[in-house]
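Observations on the model geometry
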Amino acid sequence: MRKSWYFLLLAVFICQVYTAEASLDFSNFVTVGFEGKAELEFNQPEDLVQAPDGNFLIADTGNNRIQVFDAQGKFLRIIPPPKAKNDALAASPTDNRPANIIKLENTGFRKPTGLAFDSEGNLYVTLMNQDLIAVIDYPSGQIKSTIGSSGKKEGQFWIPMDIDIDDQDRIAVAEFRNRRVQILDLDGNQINEIIYQEQTEKGGFRHLEPRGVFWTQDGDLIVTYPNYHQIVCWNIKEGTIKWRYGGKNSGNKKGMLNNPSFVAQGIDSHLMISDTKNHRVVEITRDGKYYETHSQKGSSKGRLNLPRGLVLTKDETMIVADSGNSRIQFFTAGPTTLLLKEAKVLANKDEWNGVMTNVEKILQLQPNNEQALDLKVNALYYFGDNAFKNGDYDKAEDYYRMVLRYRPDDGNIPQKLDKIFWEVNRPILIGAVTIIVGLIALVILIWLLKLVFRRIKAKVTE
């Protein structure tokens, strides 16, 4: 039995800002493509995903096709494969394929927008102007089947935009005109739907239009609502909202969005958001707190204009469909990221001298890099503890006091300084105690001798 979840938005929620320095350092940029219809030329590109074979697909929406390229930006092929000019448009009498597949092959894709892969490697494409999902055999690029039709009923679509499929093969589809997100099985049967509402100034209710959908590693569903400048994290299992980011009013300050569209997985469970009309990518934490902003408006390398689909690869390269500039951009790691990764490897091996060398280089480039500062504090602890074990208490104290420069509220340092004080002053304290005990013993001895002497004297006088 399907479930329909309606949620009423009565207030604007802007999530708390997280002030740590970004862990992603993009300082090398490569652009691929420009406006046109040839290979690696684009017209309003939308979604961008990585395929099971490691290559990448981009929905070249205005050109009604999908382009496939490799990690270096080299063109590989078009999906679906272009038809030869002499191909017959009508189905032959011996063609036993379903009529819907034949029709779609003959008409071609119209405004492919969202892309996703299921667990078997099949490609799913939302066709915005045909109110369909095309299921593609990825290796051949041929159409296997279609899901849906035009309409408002269960399993039907009206301007489907983005699509994502989780590890349970649940399909999430954002329908812009139907103002809902449908959750479907692979056969297109509706499991449930999500409808997000706001209260209008006149006291009525308005459904908000979803655009992007993204399944998180925890099984939650992130949905972007561009006209409300907000993204929402839905707990699908319980049918509740876990958090919201952004608000009713657009803006470019921390915690604000302007027409967000697509969402991708970042590092450390972070989320990367295409903040489309702010012409940037916003990075937030898994619980919806601001973390960092990447890029700004422009047409030069490293600048974005209406970014849409995006992917962060395992080597921390961010690939973005730079829609307004009709190109793909590769944002690759700069020196800070590379030094930081090497420092973490060295830290796991307890090679803290090497860690400190890398950290000092990082802090010259980014003085407030939080992860580098954390590594430096850990290194100072390591050096301090070693010096303490070796009896070099002056050096240990210097290391511990340096920690307080970066972590003035560290509660462990006073305890460590107390230990140093007792270790340094132990001989003095032992000597003082010994003298005091000796003096007390001498006094007692003198008192006892006097007592004995008095008793002997008393017996003699008797």
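Rules of the game
Here the residue numbers are simple positions, counted from 1 along each chain's written sequence. Whole-chain, interface and lining totals are the exception, using all residues; otherwise, since this is a predicted model, local features are given only for residues with pLDDT of at least 70 and side-chain atom pairs are given and counted only at 80 or more. As a convention, hydrogens and water are excluded, and side-chain values are obtained from all of the structure's heavy atoms. Helix and strand labels come from DSSP, where a helix needs a run of H or I of at least four residues and a strand needs a run of E of at least two; each type is numbered from the N terminus. For the radius of gyration, the atom set is restricted to C-alpha positions; the globular benchmark scales as 2.2 Å times the number of residues to the power 0.38. In what follows, a contact means two residues having at least one pair of non-hydrogen atoms within 4.5 Å. Per-residue and other accessible areas follow the Shrake-Rupley method at a 1.4 Å probe size, with only the shown protein chains counted as cover for residues. Relative accessibility thresholds used throughout: buried, under 20% of the residue-type maximum; exposed, over 50%; partly exposed, between the two (1.4 Å probe, protein chains only). Two strands are said to pair when DSSP picks up at least two bridges between them. Note on method: axes are straight lines fitted to C-alpha atoms, helices fitted across the in-contact stretch only, with angles between N-to-C directions ranging 0 to 180 degrees. The span you would expect from a helix comes to 1.5 Å times its residue count less one. We define a polar contact as two N or O atoms separated by no more than 3.5 Å, with the added condition that, inside protein, one atom must be a possible hydrogen donor and the other a possible acceptor, whereas residues neighbouring each other in sequence contribute only through side-chain atom pairs.

**Remarks on the overall build of the chain**
- Along the backbone of the chain there are seven helices and 28 strands.
- Against the globule reference of 23 Å for 462 residues, the chain gives a C-alpha radius of gyration of 34 Å, more extended than a compact globule.
- With the C-alpha coordinates aligned to their principal axes, the bounding extent of the chain is approximately 145 × 50 × 45 Å.
- Sequence separation of at least 24 residues holds for 49% of the intrachain contacts in the chain that already meet a minimum separation of 6.
- Accessible surface, the chain: about 23400 Å² in total, of which carbon and sulfur atoms supply 52%.

**A closer look at unusual backbone geometry**
- Following isoleucine 79, the chain continues to proline 80 via a peptide bond in cis, the omega torsion being -10°.
- When you line up the elements, proline 80 lands in the loop between β8 (75-79) and α1 (99-107).
- Positioned with a positive phi, aspartate 131 is a non-glycine residue whose angle comes to about 55°.
- Among the structural elements, aspartate 131 can be located in the loop between β10 (123-127) and β11 (132-137).
- The class of aspartate 131 is buried, set by a relative accessible area of 10%.

**Some thoughts on the sheet that holds strand β24 (residues 280-284)**
- Strand order in this open sheet of four strands is β22-β23-β24-β25, and the pairing throughout is antiparallel. Sheet topology places β22 (260-265) and β25 (290-294) at the edges, where each strand pairs with a single neighbour. Across the sheet, the mean angle from the axis of one strand to that of its neighbour is 25°, orientation sign disregarded.
- Pairing between β24 and β25: four bridges, direction antiparallel. In the sheet register, glutamate 283 faces β25, and the bridge partner there is glutamate 292.

**Some details on helix α4 (residues 370-389)**
- Across its 20 residues, α4 extends 29 Å between first and last C-alpha, which sits within 8% of the 28 Å expected from 1.5 Å per residue.
- Of the residues making up α4, those classed as buried are Gln371, Ala372, Leu373, Leu375, Lys376, Val377, Ala379, Leu380, Tyr381, Phe383, Gly384 and Ala387.
- Against the buried residues of α4 lie β25, α2 (335-348), α3 (352-365), α5 (393-406) and α6 (412-424).
- Two to three positions downstream of the cap, the backbone nitrogen of glutamine 371 sits 3.1 Å from a side-chain oxygen, assigning the N-cap of α4 to asparagine 369.

**What to know about the sheet that holds β11**
- If you trace the four strands from one edge of the open sheet to the other, you get β9-β10-β11-β12, paired in antiparallel fashion. Edge positions in the sheet fall to β9 (112-117) and β12 (142-147), since each has one partner strand and no second. Mean inter-strand twist for the sheet, computed between neighbouring axes without regard to direction, equals 25°.
- Relative to β10, β9 runs antiparallel, the two being bridged by four bridges. What sits directly across from phenylalanine 117, in β10, is leucine 123.
- Of the strands in this sheet, β10, β11 and β12 are in contact with α1, which crosses β12 at around 120°.

**Some remarks on the pairing of β24**
- Most of β24 is tucked away, with five of its five residues classed as buried.
- Looking at chain direction, strand β23 (residues 271-275) and β24 are connected through five bridges and run antiparallel. Residue pairing for β24: leucine 271 is matched across the bridge by isoleucine 284.

**Points about the pairing of β11**
- The buried fraction of β11 is high, at five of six residues.
- Sheet topology note: the β10/β11 ladder contains five bridges and is antiparallel. Bridge assignment links valine 125 to a residue of β11, and that residue is alanine 134.
- Linking two consecutive strands that pair antiparallel, namely β10 and β11, is a turn of four residues; a positive phi of about 55° is found at aspartate 131 within it.
- Counted along the chain from β11 to the antiparallel partner β12, the turn is four residues long, and its residue glycine 141 has a positive phi close to 80°.

**Here's the deal with the environment of isoleucine 79**
- With respect to the helices and strands, isoleucine 79 occurs in strand β8.
- Sequence spacing of isoleucine 79 and phenylalanine 109 is 30 residues, and the spatial spacing of their C-alpha atoms is 9.5 Å.
- With near-sequence residues (within four places) excluded, isoleucine 79 lies in contact with Leu57, Arg65, Ile66, Val68, Phe109, Leu123, Ile136, Tyr138 and Gly141.

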